[in-house]
Amino acid sequence: MRQIGLLAVSMVFVAACARAPESEPAQVLTYSCGKLGPSGTVAFSDGDPGTATLTLAGVTYAMTQVEAASGARYQSAETGHEIWNSGGELMLVLPTGQSYTCGLSA
């Protein structure tokens, strides 16, 4: 009976150690997209794949990092919103296909 209890404790310990590492805390940046109107924020989190949370006009869109030729590209599978991030610039593509170039806000 003692061996079964020891085995169970060992399995719990191994399972706790084997958890996937949690992603890094989000880096939140504020962008201004000119004609689009009020600025929006993007919270980037490292991981595999990376994630981004876009908040625009009070609505939040969850995005997953997808392959990009340069910079970082994130896409919402549910809504079709897309962002491309390179340096201090961000390209926002709406589901309608309309795109905006956004710069970091002070």
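Let us look at the structure shown here. Nothing here was measured: the structure is a model prediction, and the numbers come from that model. (Residues numbered from 1 in each chain as written. Predicted model: local features only at pLDDT ≥ 70, side-chain atom pairs only at ≥ 80, totals over all residues. Heavy atoms only, no water.)

**As for empty space enclosed by the protein**
Then, number 1: Considering all chains together, one arrives at 1 cavity of 30 Å³ or more under this definition.
Then, number 2: The volume enclosed by the largest cavity comes to roughly 50 Å³.
Then, number 3: Residue lining of the largest cavity: Tyr31, Cys33, Gly40, Thr41, Val42, Leu54, Leu56, Leu90, Leu92 and Cys102, and that is the complete set.
Then, number 4: Only strand S2 (40–45), strand S3 (51–56) and strand S7 (89–93) provide two or more residues apiece to the lining of the largest cavity.
Then, number 5: Per-element accounting of the lining of the largest cavity gives the leading share, 3 residues, to S2.
Then, number 6: Partitioned by chemical class, the residues of the lining of the largest cavity number 8 nonpolar, 2 polar and no charged. (1 Å grid on protein atoms, 1.4 Å probe; cavity = no way out; pocket = protein on both sides within 12 Å on 5 of 7 lines; lining within 4 Å. Points joined across faces, edges and corners; volume = space filled by probe spheres on them. Helix = DSSP H or I, 4+ residues; strand = E, 2+ residues; numbered from the N terminus. Nonpolar A, V, L, I, M, F, W, Y, C, P; charged D, E, K, R; others polar.)

**With respect to the nonpolar core**
Then, number 1: Membership of the largest hydrophobic core comes to 17 residues, with the highest contact counts inside it found for Val42, Phe44, Ile83, Leu90 and Leu92.
Then, number 2: Within the residue set of this core, elements represented by two or more residues are S2, S3, strand S4 (59–66), strand S5 (72–75), S7 and strand S8 (99–104).
Then, number 3: In terms of residues, this core owes the most to one element, S3, which gives 3 residues.
Then, number 4: Beyond its immediate stretch of four places on either side in the chain, Ile83 contacts Val42, Phe44, Ala52, Met63, Ala72, Arg73, Tyr74, Leu90, Met91 and Leu92. (Core = buried A, V, L, I, M, F, W, Y, C linked by side-chain atoms within 4.5 Å. Buried < 20%, exposed > 50% of the residue type's maximum accessible area, 1.4 Å probe, protein only. Contact = heavy atoms within 4.5 Å.)

Honestly, it's all geometry; don't read function into it.
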